[in-house]
Amino acid sequence: MSGKEGGEDQRRPLTKLAQAGRRAEWTSMPGQPGGIVNPPVWRASTILYDDVAHLRQAARTSTHERLFYGRKGTPTAWSLADALTEMEPGAEGTMLFPSGVAAIACALMAVLKPGDQLLMVDSAYDPTRNFCEQMLRPLGIDTVYYDPTLGSGIADLLTGATRAIFLESPGSLTFEVQDIPAITALARDKGIVTLADNTWATPIFFPALAHGVDISILACTKYIVGHSDVMMGSVTATPALFPAVQRSAYLFGQMTSPDDAWLASRGLRTLGVRLNQHRDSALTVAQWLSGQSGVARVLHPALPSCPGHDIWRRDFFGSGGLFSFVLEGGDEQARAALIDGLDHFGIGYSWGGFESLALPVDPARHRTATRWEAEGPAVRLNIGLEDPADLIADLEQGLARFRAARG
């Protein structure tokens, strides 16, 4: 099911989602015609060999996508990794991890060494910052944070020690859109590796490698799994960088369980239709919020009023279900009055599942290169698969509680 003509894969993204990772060797029995639709769950720790010579031979050859020891994976995980690789044009391979944070950590360790400098976007996911400060810095790897709106102006921050630039577009809490093509073009010219947390858009709405990124990272916990029941991360890399990513994963002993890989593969098949629904519902809710009393502004890249909208419109094929809005005045108590009484929104971390979530966020304490100033406290919403009319009615009552508490 390659769909390739003349070496180029002609399939469109939705077709890839349905077909990717379903190689015949993972879905059929040798010597038997036909096969099953989904690769089965292969659970294994010990792999048995015919004899000592067989064992010795296995140890001398590549273990990639070969049964060797359970830590190196089984066809269940390989099929998912293969599918994620197919979603990123220009990718060589994908490694799977037990969480998105583990994926970020291993990707950074694959390309950095003591004495290097990392440029980290100031709007990055908070655990990414924590890893830089609490793990990389003590190892002698310096992290310099930069304004997410810099674009090619990031050139002014480069030094002879700059080894990598980390991007996250849009940002996790405040949704600034980065000029990724400008940054990656500059980095490539200087021999600097670029890594991007592409969880918000996924390769469906933003094929990162096609925009010049060297290493694309997903918290598969979110949209890939889609059902809020599996923790997983992935790192997909170019031919030049994949060997380093693979080596880092193997040395740190990172892997995912076959059962989790199977669940993620199942979620992947519906990613396209789910993303479209998240996109449409989130836009409906965001547009409604934009005109409501008590709302100062809505931070959603697909809205013309959002900074970075022009870059988003140029580079992205769609928008996710995650965005924030800033309240007009009020305090923590007034914000809590809005959130606590919501019926259709859960209160919890993560996002990308079928259920809607509301979370109080405070971006100011996660910034060092830029200053976050707002008219009031902020709320981040994950718009799930519920009817947006029900979500709007729920938020309407929440905003009424906020205005009453604000006074």
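The rules behind these values
Residues numbered from 1 in each chain as written. Predicted model: local features only at pLDDT ≥ 70, side-chain atom pairs only at ≥ 80, totals over all residues. Heavy atoms only, no water. Helix = DSSP H or I, 4+ residues; strand = E, 2+ residues; numbered from the N terminus. Buried < 20%, exposed > 50% of the residue type's maximum accessible area, 1.4 Å probe, protein only. Contact = heavy atoms within 4.5 Å. Areas by Shrake-Rupley, 256 points an atom, 1.4 Å probe, with all protein chains shown as cover. Lys, Arg positive; Asp, Glu negative; His and termini not counted. Charge placed at Lys NZ, Arg CZ, Asp CG, Glu CD. Pairing = 2+ DSSP bridges. 1 Å grid on protein atoms, 1.4 Å probe; cavity = no way out; pocket = protein on both sides within 12 Å on 5 of 7 lines; lining within 4 Å. Points joined across faces, edges and corners; volume = space filled by probe spheres on them. Nonpolar A, V, L, I, M, F, W, Y, C, P; charged D, E, K, R; others polar. Polar contact = N/O pair within 3.5 Å; in protein donor to acceptor, adjacent residues only side chain to side chain. pLDDT = per-residue confidence, 0-100. Core = buried A, V, L, I, M, F, W, Y, C linked by side-chain atoms within 4.5 Å. Disulfide = S-S within 2.5 Å. Phe/Tyr/Trp six-rings, centres within 6.5 Å; stacked < 30°, edge-to-face > 60°.

K.L.:
I would appreciate a short explanation of the overall build of the protein in the present structure.
P.N.:
Each helix and strand counted, the protein has 14 helices and 13 strands in total. Projecting the C-alpha coordinates of the protein onto the three principal axes gives extents of approximately 80 × 50 × 40 Å. Considering the protein as a whole, with its 407 residues, one finds that 54% of them fall into the buried category. Looking at the protein alone, contacts between residues at least 24 apart form 73% of all its contacts between residues at least 6 apart. A total accessible area of about 17,500 Å² is found for the protein, and carbon and sulfur atoms account for 53% of it. Taken together, the 35 basic and 44 acidic charged side chains of the protein have centroids lying 5 Å from each other.

K.L.:
Is there a simple way to think about the pairing of strand 13 (residues 378-382) in this case?
P.N.:
The two faces of the sheet receive side chains in turn, since in a regular strand these alternate between them. Counting buried positions over the five residues of strand 13 gives five, a clear majority of the element. Every second residue of strand 13 is oriented toward a common face, with Ala-378, Arg-380 and Asn-382 on one face and Val-379 and Leu-381 on the other, all of them buried. Where strand 12 (residues 357-361) lies against strand 13, five bridges are found, and the strand directions are antiparallel. Counterpart to Pro-360 in the pairing with strand 13 is Val-379.

K.L.:
Is there a simple way to explain empty space enclosed by the protein in this structure?
P.N.:
Unoccupied space between atoms shows up once a probe the size of one water molecule is rolled over them. Within this structure, the stated rule accounts for four cavities of 30 Å³ or more. Mapped onto the lining of the largest cavity, the elements with two or more residues apiece are helix 4 (75-86) and strand 3 (93-97). Residue composition of the lining of the largest cavity, grouped by class: nine nonpolar, seven polar and three charged. Size it by volume and the second largest cavity reaches roughly 90 Å³. What lines the second largest cavity is simply Asn-38, Pro-39, Thr-76, Ser-79, Trp-262, Ser-265, Arg-266 and Arg-269. At the level of secondary structure, the elements contributing two or more residues to the lining of the second largest cavity comprise helix 4 and helix 10 (258-269). Here the element with the most residues in the lining of the second largest cavity is helix 10; it accounts for four residues. Class assignment of the residues belonging to the lining of the second largest cavity gives a composition of two nonpolar, four polar and two charged.

K.L.:
Explain the side chain of Thr-236 here, please?
P.N.:
With respect to the helices, strands and loops of the structure, Thr-236 is situated in strand 9 (residues 233-237). Looking at Thr-236, its side chain comes within polar contact range of the side chain of Thr-94, at 2.7 Å. Excluding its chain neighbours within four sequence positions, the residues that come into contact with Thr-236 are Leu-84, Thr-85, Glu-88, Ala-91, Gly-93, Thr-94, Leu-209, Asp-214, Ile-215 and Ser-216.

K.L.:
What am I meant to see in the confidence of the model for the protein here?
P.N.:
Detailed reading of the predicted model is not advised wherever pLDDT is low. On average, residues of the protein score 95 in pLDDT, and 98% of them reach the 70 mark or higher. Scored below 50 in pLDDT, residues 1-6 makes 11 contacts in the model with residues more than four places away or belonging to other chains.

K.L.:
Honestly, the nonpolar core in this entry has me stumped. Any pointers?
P.N.:
Where a protein is soluble and globular, its nonpolar side chains tend to be buried together. Among the nonpolar cores identified, the biggest contains 114 residues, and Ile-165, Leu-195, Ile-215, Leu-289 and Leu-381 are the most heavily contacted of them. Sorting elements by how many residues they give to this core places helix 5 (residues 100-111) first, with nine residues. Ignoring any residue separated from it by four or fewer positions in sequence, one finds Leu-381 in contact with Val-285, Leu-289, Gly-321, Leu-322, Phe-323, Phe-325, Phe-345, Leu-357, Ala-358 and Leu-395.

K.L.:
Looking at this structure, how should I read the side chain of Gln-178?
P.N.:
Among the secondary structure elements, Gln-178 is positioned in the loop between strand 6 (162-168) and helix 7 (180-190). Exposure remark for Gln-178: the relative accessible area of 1% places this residue in the buried category. In terms of polar contacts, Gln-178 uses its side chain to reach the backbone amide nitrogen of Glu-168, at 2.8 Å. In this structure Gln-178 touches Val-121, Tyr-146, Pro-148, Leu-167, Glu-168, Ser-169, Ile-183 and Ile-311, once residues within four positions along its chain are discounted.

K.L.:
How should the state of the cysteines be read in this particular structure?
P.N.:
The term disulfide refers to a covalent linkage connecting the sulfur atoms of a pair of cysteines. Under the counting rule described, the total for this entry stands at zero disulfides. Here Cys-132 is not cross-linked by a disulfide; its sulfur's nearest cysteine counterpart is in Cys-106, at 14 Å.

K.L.:
Where do I start with the packing of aromatic side chains in this structure?
P.N.:
Two aromatic rings are characterised by how far apart their centres lie and by the angle between their planes. Under the definition given, this model contains three aromatic pairs. Both rings, one in Phe-206 and one in Phe-316, keep their centres 4.6 Å apart while their planes meet at 25 degrees; by these two values the pair is stacked. Here Phe-316 lies in the loop between helix 12 (309-315) and strand 11 (322-327) and Phe-206 lies in the loop between helix 8 (202-205) and strand 8 (215-218), a separation of 110 residues in the sequence. Overall, Phe-206 belongs to the buried group, its relative accessible area being 2%.

K.L.:
What am I meant to see in the layout of surface pockets here?
P.N.:
Each pocket or cavity is described by its volume, and for the second largest pocket that value is around 450 Å³. What lines the second largest pocket is a set of 22 residues, and nearest its centre among them are Asp-126, Leu-173, Tyr-349, Leu-359 and His-366. Sorting the residues of the lining of the second largest pocket by element identifies helix 6 (126-136) and strand 12 as the ones contributing at least two each. Sorting elements by how many residues they give to the lining of the second largest pocket places strand 12 first, with three residues. A class-by-class count of the residues in the lining of the second largest pocket yields 10 nonpolar, five polar and seven charged.

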